[in-house]
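# Overview (structure and organization)
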Amino acid sequence: MALRAEVTLVVLSLLLLACRTAPSDILYLLPEEQPPNTLIGSLAADRGLPDSGHLYKLEVGTPYLRVDGKTGDIYTTEIPLDRESLRDCRNLFDGDKCFLEFEVSITDMIKGIGMGPRLIEGRIEVLDVNDNTPQFSSPILTLSIPENTHIGALFSIPMATDRDSGTNGVAEYSLNTGPDADQLFGLQVAVDSDEKLPQLVVMGNLDREVKDSYDLNIRVVDGGKPPRASSALLRVTVTDQNDNAPKFERNHYEAELSENSPTGHSVLQVRANDADTGTNGEIDYSLHQASETVQRLLRIDRSTGIIYVKGLVDREEENFLKFFVVAKDRGPNSKSSKVLVTITIRDQNDNAPAIEIRGIGLVIHQDGVANISEDMPIGTPVALVQVSDRDEGENAVVTCVVAGDVPFQLKPASESANDRKRKYFLQTTMLLDYERVKDYRIEIVAVDSGNPALSSTNSLKVQVTDMNDNIPNFSPAMLEVDFAEGNQPGDKVLDVVATDADSGTNAELSYSILGASASNLFEIDTNTGEVRVKNLLDREAIERYQFHVAAADKGVPSKTGTATVVVNVLDRNDNDPKFMLSGYSFSVVENMLPLNPVGVVTVTDDDKGENARIRLYVEPDNGKFIIQNGTGTIVSSISFDREKESTYTFRLKAVDGGNPPRSSYVGVTINVLDENDNAPYVTKPANSTYKYLQPITAPNTRVEVVEAEDMDSGPNAELLYSITGGNPYGLFHISPNSGEITLAQEFTRRHNGLHRLVVRVSDKGKPPRHTTALIHIFVNDTLGNVTHIEALVGHSLYTPLDMDIAGDPDDTQTRSNILYGSLAGIAGVILVIVAVVVIRHRLQKDTKSGYQAGKKESKDLFAPKQGPKNSKGKKSKKGKAPKPAKPLEEDEEASLQKGLKFNLINDNVNESPRIHLPLNYPPGSPDLGRHYRSNSPLPSIQLQPQSPSASKKHQAVQDLPATNTFVGTGDNNSTGSDQYSDYSYKANPPKYSSKQVGDYYTTGYDRTIMWDNRVW
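Attention in this report is confined to the structure presented alongside it. (Residues numbered from 1 in each chain as written. Predicted model: local features only at pLDDT ≥ 70, side-chain atom pairs only at ≥ 80, totals over all residues. Heavy atoms only, no water.)

Turning our eyes to something else, we now look at the pattern of salt bridges. What the rule picks out here adds up to 32 salt bridges. Residues Arg315 and Glu392 are paired through a salt bridge, measuring 3.5 Å at the closest nitrogen-oxygen approach. Highlighted residues: Arg315 in the loop between strand S21 (306-309) and strand S22 (320-329) and Glu392 in the loop between strand S27 (381-388) and strand S28 (398-403), separated in sequence by 77 residues. On the basis of relative accessibility, which here comes to 7%, the residue Arg315 falls in the buried class. Assessed through its relative accessible area of 38%, Glu392 is described here as partly exposed. Among the charged side chains, a salt-bridge network with shared partners connects Glu59, Glu103, Glu121, Glu356, Arg358 and Lys423. (Salt bridge = Lys/Arg side-chain N within 4 Å of Asp/Glu carboxyl O. Helix = DSSP H or I, 4+ residues; strand = E, 2+ residues; numbered from the N terminus. Buried < 20%, exposed > 50% of the residue type's maximum accessible area, 1.4 Å probe, protein only.)

This is how it looks when you write it as structure tokens:
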């Protein structure tokens, strides 16, 4: 992990460095010994080079590197990159950098090789890692020290070497003396030219006769992380006294040596002096810490110190030599010293320029032959030519040219200014033509600038490959033909012909139809180009076919020409007119005036021209509807009444103009929508009924339910209930949706008596219509005098609606009224009986079917007239009540009692008026026979002269349906009058205006109806 992190840091450092370098100077940093497939860098990402549509190819850098062909990413390979083993990094001094050069070509795959590849040059600086352990020259090192050597004397210890460099090189030495030499020897490390020189320090008196040798352990450690170390045995021998060590005349010897110097050529002489005499002053010279290369190339004379050439010196192999020379005297206890020697190899123009010709990008060379197509544009690279000279200086300056008259030239391939190694693209200077010249022999000559100059040549054979230059051509490029539908499979449509200017196989053509859809309908003869239809064509499905035919030659690669074929399908009358819907349903509002549109139908014909010209007819044609040709608009010739007829059905016939013509039918339904032209009518309870409640009745008790119907439909038939009068104390509440009346609060004594609630029933039409119902509620402890209650109810029917009838606030007066009411009721019954007897007597004189009190009739004399004859036997829809007479609107509320004509006959002033029931009633009048049919005699009504006139606006019950206006008498033992609700009128008469119902007509006297006992 630490190593990978180090690589990442190195690459990031490189990116920062690359931003400050020239585009052609690509540099990556990479530690040595990385595992295979380690990413070094990405040319596309790091250098802004294209990352798609291009081919990257490594030209120089194998076997250590590889390049991803698509992205330009550079990776390591299976062969490890060892800094110490690289050829150019073997003899580097400390601080010198190690580089590995690479070259990558980039070819645009979209534009092709004709545009020429781009050559990218770069270097990888191989960073040293601590992969080598410092080593001594021998596991046992010997050192001779004379006895009686003065304390503090220094003796050099052979140095250790480390193939690593920098901080990974030798860092420190340590000495382990042991207990017997602990006080005699020490270690001192001197630094000379960045080299650490270990030296043994004499710290005590040495006596050979006491001990003549000591074995010490010396250890060396490098500066790597983690550090590496090794040790050696340092054997110190105590010898007889030798006073002086040899001393060189110089501290450092330098010399130059021309390469190719002959064997035995003297390079330089090192000289040392020894102040001793005799054998102690005689000196021997030897090479010390010399590399294998130095030992192979040089030798030294032991006696003179002259260094001679031993082997062939080649600057191109080794341009610098570094080693030590040791001078050692010949005394019994010899002493020595060493000196550094460096030799620089001087260049001679002994190398001719080298010409390397290799493929570039997609152009591959095989056996010295390059193949290039004749269609390549001018400037297409054929090869990469690299010219180099191993010499240096002027000897390495090379001039390179293409010899002969050939359409090729050399163009610099990189911007590098390296005179020793130059790269050129060998590219074309004109278009090549295989038919004119099939191949070229290109000779390249390179000459250096040495004296005398050296030159070399190299050649490349370029073969021009023939290309399929011409595309098959159709003339004309678009072929159009008319073809009738209803064909037979296999019928010929047309012939297509193409030509090719090439010859041989390049001109042999093969025809085909392009596109799978067209191939399913048409086929073509591959040799002749004849096009035939495979299936039955239908113009209504597709009127025009357009497809492409291709003619491909047999060249390599093949070229293809195309043409467009258009087939226009001619029409035949093979389709019926078609309505857009299988059936049409339109809705119209009732009462719409004639000659208004009620709907539009759409009919189409998939044919064309006259075959698609359509006329429409109504069947059966009863004159109620007409159809407009061209627009398809249905127009009514009648006005609609939903209550008479809610649905009309007929069919339309569509006929086209083909020969013979074709036709089709469709059904049409006209639904008449409802208008709010009917007001609600109350079916239960009747206005003359009442409900008995005791004063102890608990709140929220259900009192009564108002039931009503509306002959309209939809929102026009949705009803709302509300109390508009007769509830001054808020005793009662009605549900607006269900019509249920409940007790809202407890009764008190003043609430005893009759309560008349005026209930309005409204529909939700726009504008809304309504009717009014009277709900009578009698509150008392007991129900003792039914006749009195019925008298109160009867009087309520003639009391104006804006006058509240809500009990008796004076309880004492109420009891008196009950007594008086009872007496008045008895008198009223007697008067009614007398009146009925007189009326029956007169009726029997006028008609045979007159009404007889107490006799059950077989036929209702007062029933309304029957409706139209044609509706006589029809049944009403399930759950739907017959349509009643239209109730009176608000502006007609004052005329509610006009539904019944009273003939108030007063022969003289002293006689009481009598009620004459008419025998002939207008349609919609209530069934008075049912209302007044009873086993008890009818009560008489006393008309007082002082009563107000019936013609005044103080009319009786306002806006009440006729069916709920009149009441009949009940049995004396009844506890309520709900049984009279069955006498409500539910016939279905025709519509009449309010003026047709009838009016009151009276004599000229004041005829306000009052009870004899003066209850009200």
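Once the structure has been displayed, the description carries forward.
Within the secondary structure, Val401 sits in strand S28. For Val401, a relative accessible area of 45% translates into the label partly exposed. When the C-alpha atoms of Val401 and Thr457 are compared, they prove to be 9.7 Å apart, with 56 residues separating the residues in sequence. Not counting chain neighbours up to four residues away, the residues in contact with Val401 comprise Leu410, Glu443, Ile444 and Val445. (Contact = heavy atoms within 4.5 Å.)

Moving on, we get to the state of the cysteines. On inspection of all chains with the given rule, the structure shows 1 disulfide. The disulfide bridge from Cys89 ends at Cys98, spanning 1.8 Å between sulfur atoms. A torsion of 85° about the S-S bond marks the disulfide between Cys89 and Cys98 as right-handed. A residue is classified by how much of its surface remains accessible, and Cys89, at 6% relative accessible area, is buried. Residue class for Cys98 comes out buried when judged on its relative accessible area of 1%. (Disulfide = S-S within 2.5 Å.)

Ordered by their spatial adjacency, 4 strands build an open sheet running S24-S27-S30-S29, and the pairing between neighbours is antiparallel. Bordering the open sheet on either side are strand S24 (354-358) and strand S29 (408-412), each of which pairs with just one other strand. Averaged over all pairs of adjacent strands, the angle between strand axes in this sheet comes to 30°, irrespective of strand direction. Across 5 bridges, S29 lies against strand S30 (residues 421-428) in antiparallel orientation. Paired with Leu410 across the strands is Leu426, a residue of S30. (Pairing = 2+ DSSP bridges. Axes fitted to C-alpha atoms, helices over the stretch in contact; angles between N-to-C directions.)

With that settled, consider the nonpolar core. In this structure, Ile145 and Phe185 are the most contacted members of the largest nonpolar core, which totals 27 residues. In contact with Ile145, other than residues within four places in its own chain, are Phe155, Phe185, Leu200, Val202, Leu206, Val236, Thr237, Val238 and Thr239. (Core = buried A, V, L, I, M, F, W, Y, C linked by side-chain atoms within 4.5 Å.)

A few words now on the layout of surface pockets. Within this model, the second largest pocket holds a volume of roughly 1800 Å³. What lines the second largest pocket is a set of 46 residues, and nearest its centre among them are Leu92, Thr161, Asp162, Glu195 and Lys322. Those elements giving two or more residues to the lining of the second largest pocket turn out to be strand S10 (170-176), strand S12 (195-202), helix H3 (292-297), S22 and strand S23 (336-346). No other element matches the 5 residues that S22 contributes to the lining of the second largest pocket. For the lining of the second largest pocket, a count of residues per class yields 16 nonpolar, 16 polar and 14 charged. (1 Å grid on protein atoms, 1.4 Å probe; cavity = no way out; pocket = protein on both sides within 12 Å on 5 of 7 lines; lining within 4 Å. Points joined across faces, edges and corners; volume = space filled by probe spheres on them. Nonpolar A, V, L, I, M, F, W, Y, C, P; charged D, E, K, R; others polar.)

The subject of this paragraph is the packing of aromatic side chains. How two aromatic rings sit relative to each other is set out by the distance from centre to centre and by the angle between their planes. Tallied over the entire structure, the rule returns 16 aromatic pairs. Aromatic pair Phe625 and Tyr648: ring centres 5.8 Å apart, planes at 75°, arrangement edge-to-face. Residue Phe625 is located in strand S47 (residues 625-628), and its partner Tyr648 is located in strand S49 (residues 647-656); the two are separated by 23 residues in the primary sequence. Tyr648 matches Phe625 in its accessibility class, with the two residues each being buried. Each residue in the set Phe625, Phe640, Tyr648 and Phe650 is aromatic and connected to the rest through ring pairs, giving one cluster. Seen from the ring of Tyr665, Arg651 lies directly overhead, with NZ or CZ sitting 4.0 Å from the centre. (Phe/Tyr/Trp six-rings, centres within 6.5 Å; stacked < 30°, edge-to-face > 60°. Lys NZ or Arg CZ within 6 Å of the ring centre and 35° of its normal.)

Side chains Leu479, Val481 and Phe483 project from strand S34 (residues 478-484) onto a buried face, and the interleaved Met478, Glu480, Asp482 and Ala484 project onto a face without burial. With 7 bridges joining them, S34 and strand S41 (residues 560-570) adopt parallel strand pairing. Among the inter-strand pairings, Leu479 is bridged to a residue of S41, identified as Val565.

Once that is clear, we can look at the pairing of S27. Judged by how many residues are buried, S27 sits mostly within the fold: 8 of 8 residues are covered. Note that S24 and S27 share 5 bridges and pair antiparallel. Following the sheet pairing, Ile355 is matched in S27 by Val387. Here S27 runs beside S30; their pairing, made up of 7 bridges, is antiparallel. Within S30, the residue paired with Val385 across the bridge is Tyr424.

That's the geometry; what it means functionally is another story.
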